[in-house]
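The residues making up each chain are set out below.
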Amino acid sequence: MAENSESINELKTEIAGSRQRLSRELQGLRYELDFPAKFRRSFRKQTGSWISAAAAVGALIALAPMRKKKVYVDARSRRKGDKKLMQTGLAMAALKLVGNNLARPLVMEFVKNRFFYSGEPSRGRK
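Rules behind the numbers
Residues numbered from 1 in each chain as written. Predicted model: local features only at pLDDT ≥ 70, side-chain atom pairs only at ≥ 80, totals over all residues. Heavy atoms only, no water. Helix = DSSP H or I, 4+ residues; strand = E, 2+ residues; numbered from the N terminus. Buried < 20%, exposed > 50% of the residue type's maximum accessible area, 1.4 Å probe, protein only. Areas by Shrake-Rupley, 256 points an atom, 1.4 Å probe, with all protein chains shown as cover. Patch = residues over 30% accessible without salt bridge, like charges linked within 9 Å, V, L, I, M, F, W, Y side chains within 5 Å. Salt bridge = Lys/Arg side-chain N within 4 Å of Asp/Glu carboxyl O. Lys, Arg positive; Asp, Glu negative; His and termini not counted. Charge placed at Lys NZ, Arg CZ, Asp CG, Glu CD. Polar contact = N/O pair within 3.5 Å; in protein donor to acceptor, adjacent residues only side chain to side chain.

A. The overall build of the protein chain, seen in detail. In terms of regular secondary structure, the protein chain is built from four helices and zero strands. Evaluated residue by residue, the protein chain yields a buried proportion of 2% over its 126 residues. Total accessible area on the protein chain is roughly 12800 Å²; 62% of this is exposed by carbon and sulfur atoms.

Have a look at this one:
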């Protein structure tokens with residue numbers, strides 16, 4: 001019986017010790033994973049380095065687009081594109097002319113006869 005109480009007491013002290021070690025380890029882990037606090041401490045200690053690094057990165061970002069990319073255009077393919085554009089424009093103009101001048105009166109007459117009553121006998125009568 002005495003052995004049981006001693007072993008239980010030993011287990012309790014071992015458990016209490018492991019809990020303390022675990023809490024210390026968790027505190028250390030929190031400290032190591034607190035990146036915002038690390039950045040603040042680093043900035044306080046090495047302000048000049050941080051400012052110069054930020055200025056260098058800003059200069060790289062500002063000067064990077066200054067290099068212009070060369071674009072080569074084939075003059076022959078441009079003429080072909082202009083010719084197709086002109087043909088398309090002419091086709092659109094012709095369709096508009098035909099649509100407004102010829103097709104519009106026909107469509108209007110069809111709609112008028114089909115949907116509006118003109119006083120004539122109904123269509124169902126023969």
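From this point on, the discussion continues.
B. Local environment of a negative patch on the surface. A surface patch of like charges, here negative, comprises Glu3, Glu6, Glu10 and Glu14. Here Glu14 is to be found in helix α1 (residues 2-33).

C. Structural detail: the environment of Ser23. Note that Ser23 resides in helix α1. The class of Ser23 is partly exposed, set by a relative accessible area of 36%. In this structure the side chain of Ser23 is engaged in a polar contact, spanning 2.8 Å, whose partner is the backbone oxygen of Gln20.

D. Focus on the pattern of salt bridges. Under the definition given, this model contains one salt bridge. Here Glu32 and Lys38 are joined by a salt bridge, their closest N and O atoms 3.2 Å apart. The exposure class assigned to Glu32 is partly exposed, which follows from its relative accessible area of 43%.

E. Just a nonpolar patch on the surface, in detail. Together, Leu22, Leu26, Leu29, Leu33, Phe35, Phe39, Phe43, Trp50 and Ile51 give the surface a local cluster of nonpolar side chains, amounting to about 890 Å² of exposed area. Elements represented by at least two residues in the nonpolar patch include exactly α1, α2 (35-45) and α3 (47-63). Take the nonpolar patch: its biggest share by element is four residues, from α1. Note on placement: Phe35 falls in helix α2.

Honestly, it's all geometry; don't read function into it.
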